[in-house]
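Residue-level structure breakdown
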Amino acid sequence: MTTCLQRKGPLPQGSTGRRRYCSDACRVAAMRARQVAVAFVEARGIATAFLRLGREARPELAWRCEGVGKALAEALHRYFGELEG
């Protein structure tokens, strides 16, 4: 027996095709979860770029870049800590 990729429950027996999700709601939830994961990775890259600019930019801009990088990294950790690792 196969299981739903989102809920890990049993899939209803379909007459044709290969089902991966038990319902459209599970399929949409899985798609949204993938989108959140991609957005998290992109935001983490942006935070890293700002932190790097904080070390490399002119002094009058470096502190701003570092502040933005730290704030973004902290917000990502606060809201998406379970995705880090």
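One can find the structure itself at the top, above this paragraph.
Residues numbered from 1 in each chain as written. Predicted model: local features only at pLDDT ≥ 70, side-chain atom pairs only at ≥ 80, totals over all residues. Heavy atoms only, no water.

Comments concerning unusual backbone geometry
The backbone of K8 sits at a positive phi, close to 65°, despite the residue not being glycine. Within the secondary structure, K8 sits in the segment before α1 (24-56). You can call K8 exposed: its relative accessible area is 58%. (Helix = DSSP H or I, 4+ residues; strand = E, 2+ residues; numbered from the N terminus. Buried < 20%, exposed > 50% of the residue type's maximum accessible area, 1.4 Å probe, protein only.)

Regarding the nonpolar core
Ranked by size, the top nonpolar core spans six residues in total: C4, L11, Y21, C22, C26 and A30. When sequence neighbours within four positions are dropped, the list of residues in contact with C22 reads C4, R7, P10, L11 and P12. (Core = buried A, V, L, I, M, F, W, Y, C linked by side-chain atoms within 4.5 Å. Contact = heavy atoms within 4.5 Å.)

Some thoughts on the packing of α1 against helix α2 (residues 59-80)
Two elements in contact, α1 and α2, have axes separated by 7 Å at closest approach and are oriented at 150°. Between α1 and α2, the angle falls in the class roughly antiparallel. Crossing angle aside, the handedness with which α1 passes α2 is left-handed. Listed contacts from α2 to V36, F40, A43, R44, I46, A47, F50, L51, L53 and G54 of α1 are A62, C65, E66, V68, G69, K70, L72, A73, L76 and F80. Its residues placed into classes, the contact of α1 with α2 shows 15 nonpolar, two polar and three charged. (Axes fitted to C-alpha atoms, helices over the stretch in contact; angles between N-to-C directions. Parallel < 35°, antiparallel > 145°, perpendicular 65-115°, else oblique. Left-handed = near helix turned anticlockwise from the far one by under 90°. Nonpolar A, V, L, I, M, F, W, Y, C, P; charged D, E, K, R; others polar.)

As for α2
Here α2 is 22 residues long and its end C-alpha atoms lie 31 Å apart, about the 32 Å a rise of 1.5 Å per residue gives. Those residues of α2 hidden inside the fold are in contact with α1. (Expected span 1.5 Å × (residues − 1).)

Thoughts on the pattern of salt bridges
Applying the stated criterion to the full structure yields three salt bridges. Among the salt bridges present, the one from R27 reaches D24, with a minimum N-O distance of 3.7 Å. You can see R27 and its partner D24 sitting in helix α1, three residues apart, about one turn around the helix. Two residues, E66 and K70, come together in a salt bridge whose shortest N-O distance is 3.2 Å. One end of the pair is E66 and the other is K70, both in helix α2 and four residues apart, which spans about a single turn. (Salt bridge = Lys/Arg side-chain N within 4 Å of Asp/Glu carboxyl O.)

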